[in-house]
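So the chains spell out like this:
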Amino acid sequence: MKGTEFKYFFSVSGGFMAFIVPTLEHAAICSFAIVIDVITAYRLSRRVKRKNPGANDGKFKSSYARRVFDNMIKIYILILLAHAIDIRLLVMFDGLYLSNYVAAIFTFIQAWSILENESSMNDAKWARLLQKIMVNKAERHFNVDMSEFKHLDDEEKTGLSVK
């Protein structure tokens, strides 16, 4: 009886691994994008603390880690679902590679978030250019009133004090 249980367990786990293995690369790329996004968000948090000390403590919080973990689980499930649809439901199309599209779209969104993080509260020329088309995450996430900084920018450009 024991031998039969082991055979059943290994056949089920082998089938499960055969299903998951083609999606591991996608999951790894999405995980890498999430890690880079977390690092750039932390860097933004430090810049906010340096430029506006009362707005943020510049530390990584466990609630953020939970959101990151939740996002990772969601994207893994979505990649597996896309793979299942591709290999079981839409077999007549001879491989649409839906999990590739899901991973690519998610990675693009993460790349956009990374650029938002790096351009927010950054005085570099490339960052100022990106600030014209991207959201300033410092204002949204850290409750920083950016109008103060906009007035400072106007003063630097014109040389006049705005009161």
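Refer to the preceding data block for the structure.
Below, the structure is looked at part by part. Every value quoted in this text rests on a predicted model; they were computed, and no experiment measured them.

Helix and strand counts for the protein stand at 7 helices and 0 strands. Across the 163 residues that make up the protein, the buried fraction comes to 28%. Within the protein, residue pairs in contact and separated by at least 24 positions form 58% of the contacts whose partners lie at least 6 positions apart. A total of about 11500 Å² of accessible surface is found on the protein, and carbon and sulfur atoms cover 66% of it.

Let's shift gears to the side chain of Glu118. Among the secondary structure elements, Glu118 is positioned in helix H4 (residues 98-119). Among the polar contacts listed, one links the side chain of Glu118 to the side chain of Arg43, at a separation of 3.0 Å. Setting aside residues no more than four positions away along its own chain, Glu118 makes contact with Thr40, Arg43, Arg47 and Trp126.

In the contact formed by helix H2 (residues 24-51) and helix H3 (residues 62-89), the axes pass within 10 Å of each other and the chain directions differ by 155 degrees. On the basis of the axis angle, H2 is roughly antiparallel to H3. The interaxial crossing formed by H2 with H3 has right-handed handedness. For the pair H2 and H3, contact is made by His26, Ala27, Cys30, Ser31, Ile34, Val35 and Val38 and by Val68, Asn71, Met72, Ile75, Tyr76 and Ile79, respectively. Its residues assigned to classes, the contact of H2 with H3 comprises 10 nonpolar, 3 polar and no charged.

For the pair H2 and H4, the least separation of the axes is 9 Å and the interaxial angle reads 10 degrees. Compared by their axis directions, H2 and H4 come out roughly parallel. As for how H2 packs across H4, the hand of that crossing is left-handed. Contacts between H2 and H4 involve His26, Ile29, Cys30, Ala33, Ile34, Ile36, Asp37, Thr40, Ala41, Arg43, Leu44 and Arg47 from the first element and Ser99, Asn100, Ala103, Phe106, Thr107, Gln110, Ser113, Ile114, Asn117 and Glu118 from the second.

Criteria and thresholds
In this numbering scheme, every chain counts its residues from 1 along its sequence in written order. Totals for whole chains, interfaces and linings use every residue, but because this is a predicted model, local features are given only for residues with pLDDT of at least 70 and side-chain atom pairs only at 80 or more, for both listing and counting. Heavy atoms from the whole structure form the basis of all side-chain values; hydrogens and water molecules are not counted. By definition, any uninterrupted DSSP run of H or I lasting at least four residues is a helix, any uninterrupted run of E lasting at least two residues is a strand, and each is numbered from the N terminus. For the exposure calls, accessible area comes from a 1.4 Å probe over protein chains only, and a residue counts as buried if that area is under 20% of its type's maximum, exposed if over 50%, partly exposed in between. Should any heavy atoms of two residues lie within 4.5 Å, those residues are considered in contact. Computed with a 1.4 Å probe, the accessible areas rest on the Shrake-Rupley method; for each residue, only the protein chains presented here act as cover. Think of a polar contact as two N or O atoms within 3.5 Å of one another; within protein, one of them needs to be a possible hydrogen donor and the other a possible acceptor, and neighboring residues in sequence only count if both atoms come from side chains. Simply put, an axis is a line fit to the C-alpha atoms, just over the touching stretch for a helix, and the angle between two N-to-C directions goes from 0 to 180 degrees. The scheme is simple: roughly parallel for angles under 35 degrees, roughly antiparallel for over 145, roughly perpendicular for 65 to 115, oblique for anything else. Less than a right angle of anticlockwise turn of the near helix away from the far helix marks a crossing as left-handed, whereas a clockwise turn marks it as right-handed. Each residue is assigned to one class: nonpolar for Ala, Val, Leu, Ile, Met, Phe, Trp, Tyr, Cys and Pro, charged for Asp, Glu, Lys and Arg, and polar for all the others, Gly among them.

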